[in-house]
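Remarks on the overall topology
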Amino acid sequence: MILAVLFANSEGNILVERFNGVPAEERLHWRSFLVKLGADNLKGVKNEELLVACHKSVYIVYTVLGDVSIFVVGKDEYDELALSEVIFVITSAVKDVCGKPPTERLFLDKYGRICLCLDEIVWKGYLENTEKDRIRRLIRLKPPSEF
Amino acid sequence: MAQPLVKKDDDRDDEADYSPFLGIEKGAVLQEARVFNDPQLDARRCSQVITKLLYLLNQGETFTKVEATEVFFAVTKLFQSRDIGLRRMVYLMIKELSPSADEVIIVTSSLMKDMNSKTDMYRANAIRVLCRITDGTLLTQIERYLKQAIVDKNPVVASAALVSGIHLLQTNPEIVKRWSNEVQEAVQSRAALVQFHALALLHQIRQNDRLAVSKLVTSLTRGTVRSPLAQCLLIRYTSQVIRESSNINQTGDRPFYDYLESCLRHKAEMVIFEAAKAITELSGVTNRELTPAITVLQLFLSSSKPVLRFAAVRTLNKVAMTHPMAVTNCNIDMESLISDPNRSIATLAITTLLKTGNESSVDRLMKQITNFMSDIADEFKIVVVEAIRSLCLKFPLKYRSLMNFLSNILREEGGFEYKKAIVDSIVILIRDIPDAKESGLLHLCEFIEDCEFTYLSTQILHFLGIEGPKTSDPSKYIRYIYNRVHLENATVRASAVSTLAKFGALVDSLKPRIFILLRRCLFDSDDEVRDRATLYLNTLEGDGSIVETDEEVKDFLFGSLEVPLANLETSLKNYEPSEEPFDINSVPKEIKSQPLAEKKAPGKKQTGLGAPPSGPPSTVDAYDKLLSSIPEFSSFGNLFKSSPPVELTEAETEYAVNVVKHIFDSHVVFQYNCTNTIPEQLLENVTVLVDASEAEDFTEVASKPLRALPYDTPGQTFVAFEKPEGVSAVGKFSNMLRFIVKEVDPSTGEADEDGVEDEYQLEDLEVVAADYVLKVPVSNFRNAWESMDPDSEQVDEYGLGPRESLTEAVNAVISLLGMQPCEGSEVVPNNSRSHTCLLSGVYIGNVKVLVRLSFGIDSTKEVAMKLAVRSDDISISSAIHDIVASG
């Protein structure tokens, strides 16, 4: 299960947070934990360079893309490698929508699109789509090109 | 770092770069949502409003029930618009709002229409939305469409239906299970993602049907799997099948191993890693099977991708727990990871190195770790401290540098858990390595001079009281202890008083001076401190009026309670204040074993990952304590070995019984662990009648019945036998459980007065030669062999008759002797005609034994074996030959 996908700006403010199977009372804890993890480790990290951590049986893979930091949390079959696949799909979709690693402003301008992409990528905790071209078409309600 | 929980819009005032959501406010956005009701819909404007709503929701904002309902109804109006972009937003918005059951009805018809639409993308999205918001009744109505969608030729539609199926399986399993045929078809799909989703769903549908999973794996491992993700799933399911089948076929190969091994050459790293991990987790994995997996993991260690490095080192760390030698090849790569910028990777590398390192590398390693410790968090430090503790126990000669390291980090800043881990480690080292005692105690003394944790101070003071008086110069600790009386809080002061008293009681030369110090404590401001000082002064200075002899004083101060603390706690809690004082003799002395619930769990959840569930490390200690607390067995001397429990009943029977064989020099004690699984019964006076007619050397000398065995509370009964000293007597015992059974009223839990005597047949039990040998490894077999007296060597040759393979012959001899295979020599390379296997162990009477076995197999599969034994006692060498000759 992909437990959470979270986007924050460089100051640690939340831009998008989506939880799956995490009780409401634990979300605040996760949010602050992830933001702190990012603040401690993401300084000076190159775009899309992946960082990884694990806490008990939960894995976290995170990175920066432009002004935005992205965190993905998973457990069981979504171990560090599966999550790196998920985050790769997310970063490429975001880049695709924004045309480049986004500034915070650009990210917010394309907010609706990005939400649609996330909707195509993660379906209540499961990875659904993995190719950015297909995702680009799906969010416009167009059938995948290979079809 | 900025406040993480502040919303984005609160802290921006830069005009040029303002956020599109600047000043966004829920109330205003809800007002704006009224545009959804306009007769002339402005699709662009509506999309913007939905984006704002999504922004609010994605920041953790919640809508009240009324607000959500209002927005939901408004959004449903948007189905009228033909704008595709807007429609896509509407689908998302409905999912986000997750409307309640009575509201869903409003959109069902629109969604049903979309689900039958000619536009594929409408179908896919409508399926996803419907499945998200639907309940069981609606699901039966749309089931037909979903089944069609699963085999739809558009992969997006098929995936939408399959992923929906995965979710619906949780809530409506009986419906989803009816889709097996369609899902089965989708598994063969040419679209990679469809195959991935179908495989996941099919496995979930069939996960309880072993045969079906096995068939699925068999067919797919032979066929083509298109996406790396699906391949990873298949590898996971394959290891599940391997775990459950657990039989190695006739050629000595594991089923499906070849498949896993072939995945190591896949082009996707994800698949390679998954296969490597699966191989390392095979139960009873051999070195030959491990090697290719370790090789690819070693390559990953130097990957440029942190995730791969992390995954590899995490897996190797696990392997190092069970097969440290297999990982040593990677040590150089791992040493370079100590400086990895990702601290998780560095910590894992260090702890792995600590597990696999050899004696000569300890100093170098400690140097590297010292630099590393300053910049990691406490939780990582604890892991490192624990690893250092085990390393020190493994290489006691290196205690000096390891103890120094621990004392250095003890002085640095750190939280309670971290400090506790260090103190615990030092205490363990002091206990297990006599040479480390004095320096360790001094380190602890220095630590309490400046320790902010009361719990740790009192623990150390207590420990000083036990160990300090036994050192060569006990007086040097007094200063540290007495300082506590001046400088600390009442709890620590009271502990310090007790510790001082212990020194006074045990070291006569210090007694007068201790008394002076204790008298000063009589003026303490705290009651407990004064009371303790008074008590100790009166007992130690005693004129005979309070206690009679010096021995009694020591017994009073140092004597243990002789009852397990947990039992004492329970009894005290149950004690109701009355005229009758609490009687410590009424506290049960039996150590409670694990309750029924826990015991059943491993059978069900047996994952087979890593090592088999072994008992806690202190099992032998616990057995030793338990047995010596039983007067009948206290004269048997030191416990030599306790076997793992042998089940004497089938699983799921009325009474579950297993037995542990405890071997002493001239006695054997059988500990029968019994569990009553019938709530309506209470068993009393439980004994096991043992018939030893097929075990001539054994004579029953004692038996200890179990007074009562209530439901689900395990208890033990014991039977002890005498046997000739030092002889590895063998024999077969038949067992009958005898007891008085009483009916229990389930409503009140009370048992009937009268009971009926009954018996229950248990399986037979054997004492075999291997029970008299402890598996004790040696690190360098050749050195150990050469350091033993060559005159003690006895050599002979044996014919083992026709065997399936060399592996089978080697395993048979190892289990016959019950000794520890050394240097991986238990693994026979494929197709080899001869093999040498090295074994080490300790024979009863603490005699070290080394064995060199040379096997040869001919074309008719006849196996011949040469057995060479060296031991500290030549008679033991012959005894080993006797075991083989009679086996």
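Residues numbered from 1 in each chain as written. Chains lettered and ligands numbered in written order. Predicted model: local features only at pLDDT ≥ 70, side-chain atom pairs only at ≥ 80, totals over all residues. Heavy atoms only, no water.

Interfaces are often sized by the accessible area lost when the parts come together. With 63 residues of chain B at the interface, the matching set in chain A holds 54 residues. Taken together, chain B and chain A are joined by ten salt bridges. Between Glu96 of chain B and Arg18 of chain A there is a salt bridge; the shortest N-O distance is 3.0 Å. Counting every contact that joins chain B to chain A gives 15 residue pairs in polar contact (both at pLDDT 80 or more). Those elements that provide at least two residues to the side of chain B that touches chain A are α2 (43-58), α4 (84-97), α6 (120-133), α8 (155-171), α11 (192-206), α13 (228-245), α15 (269-280) and α17 (306-322) of chain B. Classifying every residue of the side of chain B that touches chain A gives 31 nonpolar, 15 polar and 17 charged. (Contact = heavy atoms within 4.5 Å. Salt bridge = Lys/Arg side-chain N within 4 Å of Asp/Glu carboxyl O. Polar contact = N/O pair within 3.5 Å; in protein donor to acceptor, adjacent residues only side chain to side chain. Helix = DSSP H or I, 4+ residues; strand = E, 2+ residues; numbered from the N terminus. Nonpolar A, V, L, I, M, F, W, Y, C, P; charged D, E, K, R; others polar.)

For the rest of this paragraph, the subject is the packing of helix α26 (residues 454-467) of chain B against helix α28 (residues 490-506) of chain B. Residue and element names in this part refer to chain B. Relative orientation of the contacting elements α26 and α28 amounts to 5°, with a least axis distance of 8 Å. One way to sum up the angle between α26 and α28 is to call them roughly parallel. Mapping the contact onto sequence places Thr454, Ser457, Thr458, Leu461, His462, Leu464 and Gly465 in α26 and Thr491, Val492, Ser495, Ala496, Thr499, Lys502 and Phe503 in α28. (Axes fitted to C-alpha atoms, helices over the stretch in contact; angles between N-to-C directions. Parallel < 35°, antiparallel > 145°, perpendicular 65-115°, else oblique.)

Given two aromatic rings, one states the distance between the centres and the angle between the planes to describe the pair. Taken as a whole and assessed by the stated rule, the structure comprises 23 aromatic pairs over all chains. Between the aromatic rings of Phe633 of chain B and Phe636 of chain B, the centroid separation amounts to 5.6 Å while the plane-to-plane angle is 35°, which identifies the pairing as tilted. On the basis of relative accessible area, Phe633 of chain B is assigned to the buried category, the value being 2%. Looking at Phe636 of chain B, the relative accessible area reads 9%, which means it is buried. An aromatic cluster is built from Phe7, Phe107 and Tyr111 of chain A together with Phe21 and Tyr55 of chain B, whose rings are joined through pairwise contacts. The residue whose ring lies beneath Arg479 of chain B is Tyr480 of chain B, and the NZ or CZ to ring-centre distance is 4.5 Å. (Phe/Tyr/Trp six-rings, centres within 6.5 Å; stacked < 30°, edge-to-face > 60°. Buried < 20%, exposed > 50% of the residue type's maximum accessible area, 1.4 Å probe, protein only. Lys NZ or Arg CZ within 6 Å of the ring centre and 35° of its normal.)

In this section: the sheet that holds strand β3 (residues 51-55) of chain A. Residues and elements named next belong to chain A. Here we have five strands laid out as an open sheet, ordered β2-β1-β5-β4-β3, and antiparallel in their pairing. The two strands at the open ends of the sheet, each matched to only one other strand, are β2 (14-19) and β3. Strand-to-strand twist in this sheet, taken as the mean axis angle between neighbours without regard to direction, amounts to 15°. Inspection of the sheet shows strand β4 (residues 58-65) paired to strand β5 (residues 68-75) by eight bridges, in the antiparallel sense. Bridging from a neighbouring strand, Val58 pairs with Lys75 of β5. (Pairing = 2+ DSSP bridges.)

Right, let's talk about empty space enclosed by the protein for a bit. Applying the stated rule across the entire model yields two cavities of 30 Å³ or more. Around the largest cavity, the lining residues are Glu120 and Leu138 of chain A together with Met121, Ala124, Asn125, Arg128, Val156 and Ala160 of chain B. Where the lining of the largest cavity is concerned, the elements lending two or more residues are α6 and α8 of chain B. Broken down by element, the lining of the largest cavity gets its largest block of residues, four residues, from α6 of chain B. Classifying every residue of the lining of the largest cavity by side-chain character gives five nonpolar, one polar and two charged. Along its surface, the second largest cavity is lined by Lys277, Glu281, Arg314, Thr315 and Lys318 of chain B. Per-element tally for the lining of the second largest cavity: the top contributor is α17 of chain B, with three residues. (1 Å grid on protein atoms, 1.4 Å probe; cavity = no way out; pocket = protein on both sides within 12 Å on 5 of 7 lines; lining within 4 Å. Points joined across faces, edges and corners; volume = space filled by probe spheres on them.)

Keep in mind that these numbers describe shape and distance, not what the molecule does.
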